[in-house]
Structure formats: structure tokens, C-alpha cells
Amino acid sequence: MTSRFAHFLSAVLHPLVMPTFLFGLLLFRVPTVLGLDVFSPSLRLSILVLIFVGTFMVPSLLIYYLYRSGYVKSLQLNTLADRRLPYFLSALIYFITAYLFTFQMQVLSTLAPEIGIIIGSIAISILFVGIISLSWQISAHGVGIGGVVGVIGGLMLKFGLTDLFIPLLLLVMLSGFVASARLRLNAHTPVQVGAGLALGLLVSLLTVSWFI
């Protein structure tokens, strides 16, 4: 794997992109899984846009503001000092987004409360990354892709959804590519990448098992 391709994968499969990727799959590939088929395609697209704004746009703009203000030295958040504040604030944004989806949007909270629950679990993962980053550089990319694999795999196992087998297989392959990319860029050690994948998997699997 070349460095250029590793940078490309790291950008395309950035942790903040993963929630949109996950919900895009759930809303349009297997909408019956969480009862999301009750919504029209246009409404599902609107939901996905709201998720994109809350889980990608707002945190990204916040991180950019922190960079421009000098609170972080690099947008890549390569050092422990750069990672802490962005991750804690991003977790807060995700918790607020989860609260809005779960309690403030009446139609969604009634017909699809799982959306808020899953976003809340992602917020917990991000919070763990922030706490761990106080002393150790766990792979956030690993946590992100691991969380998607955990949700899809957990739903497949819990509800016996064979339609999710191919997406799960592709996601496992993507996890390998992401891990290889982070190692190729010397962004993490193998242990840090493995720990990230394990954390994302664990939190998402527990969420699906207990709350979905």
C-alpha cells in the first residue's frame, strides 16, 4: 500500500464519516431491520442529512475552529495533546445529537428510537477515545470502523438477517484496509489499531445486544 493510498483511505474512512456510512446502509440497504421502511425514501434521505450534519459537519467545523484558534496544532490530531479536547467536545456533540433524535424529534423517537441509541453508543466510544488519549494514542479510525462492523454484525446475529452478510464481509475487508493504512502512515502501532477495533466492536455489540 502506497502512502498516497493510505492517506486517501484515512480521509474517506475517517471516524466522523462512519456514522453517516452506517446509517446510509441501514436506511437504504436494509431499512426493514429497525423499522425504518415506514419512512419514505425522501424522508430517509432527510434523516441521513440530519445525521451527517450532527455527526460530521458540526464536529468537523468545531475541530477546524480549534485548529484556527491554535488549540490544536494539526487537523490530523497526530499528538495526544491535540486529540483530547476535540474528542471530548465531539463526544458532547454526539450526546446532544443522540438526545435530540431520542427525545426531541417526536416521529423518530416513537418510530425509530434505535437511531438515537446507536448515536449515543458512538458518543460513548468517542468519550472512551478521549479518556484513553489522556495517556495513550488509541486508533480512532479503528474505533470508527470497528463500531460499524459491530452494529452490522450484531444486527445480523440478533435478527438472523442474511441480507447483511455481504455488507458485513465488505466491512471486515475495509477494516483490514483501514488498519493497514494507519500502520503504513506510522500513525499507530499494531496494538493501538487492534485496541481501537476491539473498543468499537465491544461498545457497538453491547449496544445492539442490550438496547436494540
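First, a word on scope: everything that follows refers to the structure included in this document. Given the structure is predicted, the values throughout are model-derived calculations rather than measurements.

Cut-offs applied
Residues numbered from 1 in each chain as written. Predicted model: local features only at pLDDT ≥ 70, side-chain atom pairs only at ≥ 80, totals over all residues. Heavy atoms only, no water. Helix = DSSP H or I, 4+ residues; strand = E, 2+ residues; numbered from the N terminus. Rg over C-alpha atoms; globule rule 2.2 N^0.38 Å. Buried < 20%, exposed > 50% of the residue type's maximum accessible area, 1.4 Å probe, protein only. Contact = heavy atoms within 4.5 Å. Areas by Shrake-Rupley, 256 points an atom, 1.4 Å probe, with all protein chains shown as cover. Phe/Tyr/Trp six-rings, centres within 6.5 Å; stacked < 30°, edge-to-face > 60°. Lys, Arg positive; Asp, Glu negative; His and termini not counted. Salt bridge = Lys/Arg side-chain N within 4 Å of Asp/Glu carboxyl O. Polar contact = N/O pair within 3.5 Å; in protein donor to acceptor, adjacent residues only side chain to side chain. Core = buried A, V, L, I, M, F, W, Y, C linked by side-chain atoms within 4.5 Å. Axes fitted to C-alpha atoms, helices over the stretch in contact; angles between N-to-C directions. Parallel < 35°, antiparallel > 145°, perpendicular 65-115°, else oblique. Left-handed = near helix turned anticlockwise from the far one by under 90°. Nonpolar A, V, L, I, M, F, W, Y, C, P; charged D, E, K, R; others polar.

**Some words on the overall build of the chain**
No. 1: Within the chain, the regular secondary structure consists of 9 helices and 0 strands.
No. 2: Listed N to C, the secondary structure of the chain is α-α-α-α-α-α-α-α-α in terms of helices and strands.
No. 3: In terms of C-alpha radius of gyration, the chain reaches 17 Å, essentially the compact-globule figure of 17 Å for 212 residues.
No. 4: Every one of the 212 residues in the chain was classed for burial, and the buried ones make up 47%.
No. 5: Considering only intrachain contacts with a sequence separation of at least 6, the fraction spanning at least 24 residues in the chain is 72%.
No. 6: Accessible area of the chain: about 10400 Å², with a carbon and sulfur share of 71%.

**Quick look at the packing of aromatic side chains**
No. 1: A full pass over the atoms with the stated rule returns 5 aromatic pairs.
No. 2: Measuring from ring centre to ring centre gives 6.4 Å for Y64 and Y67, while their planes differ by 40 degrees; the resulting arrangement is tilted. Here the residue Y64 and the residue Y67 both occupy positions in helix α3 (residues 41-68), the gap between them amounting to 3 residues, near one helical turn.
No. 3: With relative accessibility at 42%, the residue Y64 sits in the partly exposed group.
No. 4: Geometrically, the ring pair formed by Y99 and F103 is tilted, given 5.4 Å between the ring centres and 40 degrees between the ring planes. Taken together, the positions of Y99 and F103, both in helix α4 (residues 80-104) and 4 residues apart, correspond to about one turn of that helix.
No. 5: On the basis of relative accessible area, Y99 is assigned to the partly exposed category, the value being 42%.

**Remarks on the environment of T207**
No. 1: Its location among the elements puts T207 in helix α9 (residues 190-211).
No. 2: In this structure, the C-alpha to C-alpha distance between T207 and E114, residues 93 residues apart in sequence, is 9.9 Å.

**Regarding the side chain of D82**
No. 1: For D82, the position within the fold is in helix α4.
No. 2: It is K73 that comes nearest to the buried, bridge-free D82 among opposite-charge side chains, at 6.2 Å.
No. 3: Engagement of the side chain of D82 in a polar contact is seen with the backbone nitrogen of K73, the distance being 3.0 Å.
No. 4: A polar contact is formed between the side chain of D82 and the backbone nitrogen of S74, at a distance of 3.2 Å.
No. 5: Not counting residues within four places of it along the chain, the set of residues in contact with D82 comprises Y71, V72, K73, S74 and L77.

**A short note on the nonpolar core**
No. 1: Ranked by internal contacts, the top residues of the largest apolar core, which has 55 residues, are F23, L26, I115, I118, I152 and L155.
No. 2: Of all the secondary-structure elements, those providing two or more residues to this core are α1 (3-12), α2 (18-28), α3, α4, α6 (114-132), α7 (140-159), α8 (165-184) and α9.
No. 3: Broken down by element, this core gets its largest block of residues, 9 residues, from α7.
No. 4: With residues up to four places along the chain from it excluded, the contact list for I152 reads L22, L25, L26, L164, L168 and L171.

**A look at the packing of α2 against α3**
Each packed pair of helices is defined by two parameters, the angle between the axes and the distance between the axes.
No. 1: Here α2 crosses α3 at 165 degrees, and the two axes come no closer than 9 Å. One finds that α2 runs roughly antiparallel with respect to α3. The crossing of α2 and α3 is right-handed. Packed against α2, whose contacting residues are P19, T20, F23, G24, L27 and F28, the element α3 presents P41, R44, L45, I47, L48, I51, F52 and T55 at the interface.
No. 2: Residues that form the contact of α2 with α3 fall into these classes: 10 nonpolar, 3 polar and 1 charged.

In short, geometric facts, not functional conclusions.
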